[in-house]
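A closer look at the structure
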Amino acid sequence: MTTDVSIDTFTIRVPLTLRRHGGRKLVIVPEGEGVPVRAKPTPDDTLLKALARAHRWKRMLESGQVRSLTELAEAEKIAPSYLTRIYRLTLLAPDIVEAILDGRQPRTMQLADLMDDMPVEWDRQRKMFGVATR
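What you are looking at is a predicted structure, and each value in this text was computed from that prediction instead of being measured. Each chain has its residues counted from 1, following the order in which its sequence is written. In view of the model being predicted, local features appear only for residues whose pLDDT reaches at least 70, and side-chain atom pairs are presented and counted only at 80 or more, with totals across whole chains, interfaces and linings using the full set of residues. Neither water nor hydrogens contribute to the side-chain values; these are computed over all heavy atoms in the structure.

Some remarks on the pattern of salt bridges
Side chains that differ in charge, positive against negative, can pair when their charged atoms come close. Quick note on the threshold: A pairing counts as a salt bridge when a side-chain nitrogen of Lys or Arg comes within 4 Å of a carboxyl oxygen of Asp or Glu. Under the scheme used here, helices are H or I runs from DSSP no shorter than 4 residues and strands are E runs no shorter than 2 residues, and both carry numbers assigned from the N terminus. Partly exposed describes any residue whose relative accessible area lies between the buried limit of under 20% and the exposed limit of over 50%, with all areas from a 1.4 Å probe on protein chains only and scaled to the type maximum.
Applying the stated criterion across every chain, the model contains eight salt bridges. One salt bridge connects Glu62 with Lys58, and the closest N-O pair in it is separated by 4.0 Å. Taken together, the positions of Glu62 and Lys58, both in helix α1 (residues 45-63) and four residues apart, correspond to about one turn of that helix. On the basis of relative accessible area, Glu62 is assigned to the exposed category, the value being 58%. Its salt-bridge partner being Glu71, residue Arg67 comes within 3.1 Å of it at the nearest N-O pair. According to the relative accessible area criterion, Arg67 is exposed, its value standing at 74%. Judged by its relative accessible area of 25%, Glu71 falls in the partly exposed class. Through salt bridges with shared partners, one network takes in Asp95, Asp123 and Arg126.

Written out as structure tokens, the structure reads:
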């Protein structure tokens, strides 16, 4: 007795990206409709730490505690290029900073994105990072 067995297969493709984030893997889904909203705000410790450092360094410069970014990099024992990339966070739009502090930043926002070619104009920042104005 022979039985013919037919197996039909199909493939489902889901557009997503996997990114490492703080030692974890994070699934990044495409922006637009169907993107789930966070149930509750989730602060990103990496972004919070970078913002705090940038503003501490700004206060050190403004108070005269250090005379230049180069002197500050030497005092902090870090590369000047890294310091200047983090220092740029002081130019973020206030509502973007507030969103980060509240944990309402877009799920796709990463520190590396904020450090690379960030526009100075706040409207362009909002568009680039997908932060809606309140």
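Structure shown, so let's carry the discussion forward.
Looking at helix α4 (residues 94-102)
Rules: In this description, contact between two residues means that some pair of their heavy atoms is separated by no more than 4.5 Å.
Considered for burial, the residues of α4 that qualify are Asp95, Ile96, Val97, Ala99 and Ile100. Looking at the buried side of α4, the elements it contacts are α1, α5 (111-115) and α6 (122-129). Backbone geometry just after α4 places Gly103 at a positive phi near 80°.

Observations concerning unusual backbone geometry
A positive phi angle, close to 60°, is found at Lys77, a residue other than glycine. Its location among the elements puts Lys77 in the loop between α2 (69-76) and α3 (80-87). A relative accessible area of 75% places Lys77 in the exposed class. The phi torsion at Asp117 lies on the positive side, around 40°, for a residue other than glycine. Along the polypeptide, Asp117 turns up in the loop between α5 and α6.

Notes on the confidence of the model for the protein chain
For clarity, the cut-off: Every residue gets a pLDDT, meaning the predictor's confidence in that residue, from 0 to 100.
Chain-level pLDDT for the protein chain is 85 on average; 84% of the residues reach the 70-or-more range. Summarising per-element confidence for the protein chain, the mean pLDDT is lowest in strand β2 (residues 24-28) (71) and highest in α1 (96).

Considerations on the nonpolar core
Using the following cut-off: Joining through side-chain atoms within 4.5 Å is the link that ties buried Ala, Val, Leu, Ile, Met, Phe, Trp, Tyr and Cys residues into a set, and such a set is a nonpolar core.
Counting residues in each nonpolar core, the largest one holds 25 residues, and the members touching the most others are Leu89 and Leu92. Listing elements by their share of this core, those giving two or more residues are α1, α2, α3, α4 and α5. Considering each element in turn, this core owes the most residues, six residues, to α1. When near neighbours in sequence (up to four residues on either side) are disregarded, Leu89 contacts Ala50, Leu51, Ala54, His55, Leu111 and Leu114.

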